[in-house]
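What follows is each chain in one-letter form.
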Amino acid sequence: MAESKARKTATEPAAEQAVKSAAKPAAEPDVKQAAKPPVKRAAKAVKVAKAAKSAVKPRKPESHLAMVRRARRINRELAELYPYAHPELDFENPFQLLVATVLSAQTTDLRVNQTTPALFAKYPTPEDMAAANPEELEEVIRPTGFFRNKAKALIGLSTALRDEFGGEVPGRLEALVTLPGVGRKTANVVLGNAFGVPGITVDTHFGRLARRFGWTTEEDPVKVELAVAEIFPKSEWTMLSHRVVFHGRRICHSQKPACGACPIAPLCPAYGEGELDPEKARKLLKYEMGGQPGQRLKPPADFPGEAAARADAAAHQGRVADLGVDA
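Here's what I pulled together on the structure shown here. (Residues numbered from 1 in each chain as written. Predicted model: local features only at pLDDT ≥ 70, side-chain atom pairs only at ≥ 80, totals over all residues. Heavy atoms only, no water.)

Let's talk about unusual backbone geometry
Glycine aside, a negative phi is what most residues show, and trans is what most peptide bonds show. The backbone phi angle of Gln106 is positive, close to 60 degrees, even though this residue is not glycine. The topology assignment puts Gln106 in the loop between α6 (94–103) and α7 (109–122). Residue Gln106 is classed as exposed on the basis of its relative accessible area of 69%. Of note in the backbone geometry, Phe146 takes a positive phi value of approximately 50 degrees without being a glycine. (Helix = DSSP H or I, 4+ residues; strand = E, 2+ residues; numbered from the N terminus. Buried < 20%, exposed > 50% of the residue type's maximum accessible area, 1.4 Å probe, protein only.)

Laid out in structure tokens, this is it:
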């Protein structure tokens, strides 16, 4: 009998052994012993362990209706996870947001926020920036990278605002995309956050997660935007963009997604692409979820979920040592 069991174990396919290993109760203590996320995230984090067994199995084909329902549930889960989701660029008016968004290409929002105070002190209006000396403007924005191309775009869009729009940033997509250096992504950022016009912002984070979530297989940002727009009501577009970008920056990273610490893992077809060990995954968490602040240096007093953000950051600061995350 013992020899028979040994032969069965030796010939058992590796995939079946992996499924059985994932189903063993012995794996659960690691999740229970790991430090729990603050407040509402605790229950969601536990779901990760329960999802492990099903996640390693091939998923059944999903109907379009089922995908839409799952996508909308992901949005609801992200809304609870990031009640304070907001644009991470500092701005006080549409012109500042437009300029900051152009500068954010190929750099971090934090770097832009460190650069724009001096920039707007020197060039507060489109008229001022349109008349800027290119070399002087380049020097101010040099820390954001690609400063020559960005300076050219800023002078160009400022000139267009001065000459064609009376020095005001237009609140229409069709007009914004005619400005030098302004595409649909930048236009939607400005529309959604400066004018309250719903828009889907497809940056690298949003595109990556939209594909991982199975919302689309498209690579082109415009096609991604149009595909996602068909899944969600228009009223959700702007906040959906913030939530997905927040999740991409904090948990679902490009190279090493923290799958083992992701509260929405049970809803994600790409679960397993990243680190599955809960403790190791928690060490990959960034920004608020890693006990660190976001990228805004001067957030407005009434930015979405300010109280939640402060409480969340404070709670994480008390758990940094236990999580093993650098503050």
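As for the nonpolar core
Within the largest apolar cluster, 41 residues are counted, with the highest numbers of intra-cluster contacts made by Tyr82, Phe206, Trp215, Val228, Phe232 and Ile251. Among the elements that make up this core, the one with the highest residue count is helix α5 (residues 64–81) (6 residues). Contacts of Tyr82, omitting those with residues within four sequence positions, involve Arg243, Phe246, His247, Arg250, Ile251 and Met289. Core analysis: the next-biggest nonpolar cluster, separate from the first, contains 33 residues, Phe95, Leu154, Leu176 and Ala187 among them. (Core = buried A, V, L, I, M, F, W, Y, C linked by side-chain atoms within 4.5 Å. Contact = heavy atoms within 4.5 Å.)

What to know about the environment of Leu191
In this fold, Leu191 is placed in helix α12 (residues 184–195). When its relative accessible area of 3% is taken as the criterion, Leu191 is described as buried. Each C-alpha atom, one on Leu191 and one on Leu98, is 9.6 Å from the other, the two residues being 93 residues apart in sequence. Once you skip the residues sitting within four places of it in the chain, Leu191 turns out to touch Gly171, Arg172, Leu173, Leu176, Gly196 and Val197.

Considering helix α14 (residues 221–229)
Buried within α14 we find Val224, Glu225, Val228 and Ala229. The buried residues of α14 occupy an angular sector of 130 degrees when projected down its axis, which confines them to one face. Of the surrounding elements, those touching the buried residues of α14 are α12, α13 (204–212) and α15 (237–250). (Arc of directions from axis to C-beta.)

Here's the deal with the pattern of salt bridges
Taken as a whole and judged by the stated rule, the model has 13 salt bridges. Close ionic contact of Glu273 with Arg212 constitutes a salt bridge, the shortest N to O distance being 3.5 Å. Of this pair, Glu273 sits in the loop between α15 and α16 (278–282) while Arg212 is found in helix α13, placing the two residues 61 residues apart along the sequence. Arg212 sits in the buried class, given a relative accessible area of 13%. Within the structure, one salt-bridge network assembled from shared partners comprises Glu88, Asp109, Arg249 and Arg250. (Salt bridge = Lys/Arg side-chain N within 4 Å of Asp/Glu carboxyl O.)

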